[in-house]
Amino acid sequence: MHPYNMLFDEILVGRFFNLKTRHDVASFFGINELELERMLYKGNFSRNYKTFLIKKKNGKLRKIDAPNKWIKLLQKMLHEVMAMIYMPKSSASAYIGERGVIYNAKHHVKKKYVLNLDLKDFFPSINFGRVRGMFMSFPFELPVNVSSILAQLCCYNKQLPQGAPSSPIVSNIICSKMDTELFHLARKRGCDYTRYADDITISTNSDRFPEEIATIEWNNNKISLSLGTSLVSIITNNGFIINEEKTNMRKKGARQVVTGIVVNEKVNVRRDFIKSIRGALNAFEKFGEGADDYYLKHIAKRSRARHKQKDSLANYLNGRVGYVKLVRGAYDPVFKKLRHRLDTCLGKKSFLFKNKEEEIFAGLWVLEYDCGEDCGQGTAFMVEGVGLVTCQHVLGSNPYVYRYNDFANTIPVKIKTENEDLDLAILTLQGDRDDNYYGFSLATNADNTIGQKVILAGFPQFAPGAEPTVINTEITSKKKEHGVAKLQIGARVVSGNSGGPLFDENLKIIGIADKGREDNLCTAIDVSELKRLL
């Protein structure tokens, strides 16, 4: 993060902790006191929300209360400052940066027993009083009058609305005490505990499930499940009710599912999910231009999501095939086959790889430029939807790029944007399309830590016929140089590697290789600085 952004965040958090009056709250949100009063207290408050219903998996309806743009804007601002203060529990998986259903499910892979619980009416059970109490308590400790105003902003009909941008983080903070208590209950008894919103999962490899959590009896291959008093009391004492209809225990040998993901041997998708994708692909291949009609008649009406006129079978399949990639991985043969079939239907070129090294090679480019009688050389890499990224200091006169295995085919590049202070540049191919080539993705909400395993790639001292150099290393420190955020790494950045990508273990870009240094303290420019140019 740039130091100016860090300073702004510190000022914003400081102002939030110093809220004392209604005037302070209005000023914090950049409006006057009368506007705040009109939005939150005057007139019919229901005009601030639009209510609609969506189908749940069981066919029942879920109510969504979506705020209007003005309330939504204030809720987003509140969410941002709360996220700067709140430290999420490791057991919480929903609505937190890179965490999600995969993070949640991985805790419960290859377990003898998997217990799933559901909290009934999760968002509605968090009422105005609980939200106000949250703002009055640690880590906020705001005055009661300010807490009441903020709770009024977060709530609709005296409860937390599902559909407001502030509701997810509020629910996680409200659940923090329960998460801590359930985590310790589980850990002391050899179990793992996670929570994804209203879905609670506890698993173990013990021969018997701890009776304080649940007891099970097997009669004629049927399970009789009773929840332990310790588990139930923690949940009820924290203001929640267990949905008995959605409570289940799965033993090893039966299909164990956590937040929709099969966890028996590895994180996986259900077989019927793959089967449904194949059926839709068959229709796409069969009907061609008429595939959208087939989608609207036979698929969209069965789906739980709300559908608009612009929805299509291609969008439906892109989402589902993307989910298979998320769960099974980019190198999984099932995903690769589905992706290839879909790309063929769409008339697109497929980018499918056998392993990480092959994927890294696909996105790297050798960068050269004129410098007197000789030429200089660096590394560039393609970012999907952005263009070629490199360091600004490797751009001389008439820069051009080529693939390491096709050095006779040089492509001139045009500078889209550059910044000497950040030492970054974004280029575009001339006479060709950037999207004809594979591009990496930038890490989102990157929270890089010292000791984190990373991958440095590029073309140090490149000569025709050589392959890219890929080095597994780690982050040794984080620092600022002349106001630019940088990651110090354990590998040397050699001449020619400047501008190369630094990946996390999921091959998301977290940095750009900087200049080699005489003191051997080699650094990469943090990806947050690149995002400033976009």
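Note that the structure is a prediction, hence the values are computed from the model and not measured. (Residues numbered from 1 in each chain as written. Predicted model: local features only at pLDDT ≥ 70, side-chain atom pairs only at ≥ 80, totals over all residues. Heavy atoms only, no water.)

Caption draft 1: Up close: the overall build of the chain. A count of helical and extended segments in the chain gives 16 helices and 23 strands. Relative to a compact globule of 534 residues, whose C-alpha radius of gyration would be 24 Å, the chain shows 27 Å and is just as compact. The principal-axis extent of the C-alpha atoms belonging to the chain is close to 80 × 65 × 50 Å. The buried share of the chain, reckoned over its 534 residues, is 46%. When contacts within the chain are restricted to residue pairs at least 6 apart in sequence, long-range pairs at least 24 apart make up 63% of them. For the chain, the accessible area works out to roughly 27,200 Å², and carbon and sulfur atoms hold 48% of it. The positive charge centre, built from 77 side chains, and the negative charge centre, built from 59, are 10 Å apart in the chain. (Helix = DSSP H or I, 4+ residues; strand = E, 2+ residues; numbered from the N terminus. Rg over C-alpha atoms; globule rule 2.2 N^0.38 Å. Buried < 20%, exposed > 50% of the residue type's maximum accessible area, 1.4 Å probe, protein only. Contact = heavy atoms within 4.5 Å. Areas by Shrake-Rupley, 256 points an atom, 1.4 Å probe, with all protein chains shown as cover. Lys, Arg positive; Asp, Glu negative; His and termini not counted. Charge placed at Lys NZ, Arg CZ, Asp CG, Glu CD.)

Caption draft 2: Inspection of the packing of aromatic side chains at higher detail. The full count for this structure, using the stated rule, is 20 aromatic pairs. On the basis of an interplanar angle of 55° and a centroid distance of 5.7 Å, the ring pair of Phe 16 and Phe 28 is categorised as tilted. A residue pair is termed long-range when its members are at least 10 positions apart, and Phe 16 in helix H1 (residues 3-17) and Phe 28 in helix H2 (residues 22-28) qualify at twelve residues. Here Phe 16 matches Phe 28 in class, with each residue buried. Centre to centre, the rings of Phe 273 and Tyr 323 are 5.5 Å apart; their planes meet at 65°, and the pair counts as edge-to-face. Here the residue Phe 273 occupies a position in helix H11 (residues 271-287), and Tyr 323 occupies one in helix H13 (residues 313-328), the gap between them amounting to 50 residues. Relative accessible area serves as the criterion here: at 17%, Phe 273 is assigned to the buried category. Cluster of aromatic residues (ring-pair linked, three or more members): Phe 16, Phe 17, Phe 28, Phe 29, Phe 135 and Phe 140. (Phe/Tyr/Trp six-rings, centres within 6.5 Å; stacked < 30°, edge-to-face > 60°.)

Caption draft 3: Quick look at the packing of H11 against H13. Running from N to C, H11 and H13 point in directions that differ by 145°, and their axes come no closer than 10 Å. The chirality of how H11 crosses H13 is left-handed. Judged by residue contacts, Phe 273, Ile 274, Ser 276, Ile 277, Ala 280, Leu 281 and Phe 284 of H11 engage Leu 313, Ala 314, Tyr 316, Leu 317, Arg 320, Val 321, Tyr 323 and Val 324 from H13. Of the residues in the contact of H11 with H13, the class split is 13 nonpolar, one polar and one charged. (Axes fitted to C-alpha atoms, helices over the stretch in contact; angles between N-to-C directions. Left-handed = near helix turned anticlockwise from the far one by under 90°. Nonpolar A, V, L, I, M, F, W, Y, C, P; charged D, E, K, R; others polar.)

Caption draft 4: Here's a closer look at the environment of Pro 88. With respect to the helices, strands and loops of the structure, Pro 88 is situated in the loop between helix H4 (69-85) and helix H5 (101-106). Each residue touching Pro 88, except ones within four places of it in the same chain, is listed here: Ile 96 and Arg 99.

Caption draft 5: Geometry of the pattern of salt bridges. Throughout the structure, instances matching the rule amount to 17 salt bridges. As a salt-bridge pair, Arg 341 and Glu 285 come within 2.8 Å of each other at their nearest N and O atoms. Highlighted residues: Arg 341 in helix H14 (residues 333-346) and Glu 285 in helix H11, separated in sequence by 56 residues. According to the relative accessible area criterion, Glu 285 is partly exposed, its value standing at 43%. For Arg 532, the salt bridge is made with Glu 529, and the minimal N-O distance between the two is 2.9 Å. Placement of the pair is Arg 532 and Glu 529 together in helix H16 (residues 527-533), with a separation of three residues, close to one helical turn. You can call Arg 532 partly exposed: its relative accessible area is 41%. (Salt bridge = Lys/Arg side-chain N within 4 Å of Asp/Glu carboxyl O.)

Caption draft 6: Structural context of the nonpolar core. Counting 67 residues, the largest nonpolar core has Phe 16, Leu 78, Met 82, Val 131, Phe 135, Leu 231 and Ile 235 as its most contacted members. With near-sequence residues (within four places) excluded, Met 82 lies in contact with Met 134, Phe 135, Phe 140, Ile 169, Val 170 and Ile 173. Leu 395, Val 401, Tyr 404 and Val 484 belong to the second largest nonpolar core, which has 46 residues in total. (Core = buried A, V, L, I, M, F, W, Y, C linked by side-chain atoms within 4.5 Å.)

Caption draft 7: Spatial organisation of the side chain of Glu 368. Looking at the element boundaries, Glu 368 is found in strand S11 (residues 364-371). The charged side chain of Glu 368 is buried without a salt bridge, its nearest counter-charge being Arg 403 at 13 Å. Within the structure, the side chain of Glu 368 is placed 2.7 Å from the side chain of Tyr 400, a separation counted as a polar contact. A polar contact of 2.8 Å, which involves the side chain of Glu 368, links it to the side chain of Tyr 402. Non-local contacts of Glu 368, meaning those with residues more than four positions away in its chain, are made with Cys 375, Gly 376, Gln 377, Asn 398, Pro 399, Tyr 400 and Tyr 402. (Polar contact = N/O pair within 3.5 Å; in protein donor to acceptor, adjacent residues only side chain to side chain.)

Caption draft 8: The arrangement of the state of the cysteines in detail. Taken as a whole and judged by the stated rule, the model has zero disulfides. Lacking any disulfide linkage, Cys 175 is separated from the closest cysteine sulfur, that of Cys 155, by 14 Å. Since its relative accessible area comes to 0%, Cys 175 is described here as buried. Unpaired in this structure, Cys 391 has its nearest cysteine sulfur neighbour in Cys 522, at a distance of 13 Å. The exposure class of Cys 391 is buried, given its relative accessible area of 0%. (Disulfide = S-S within 2.5 Å.)

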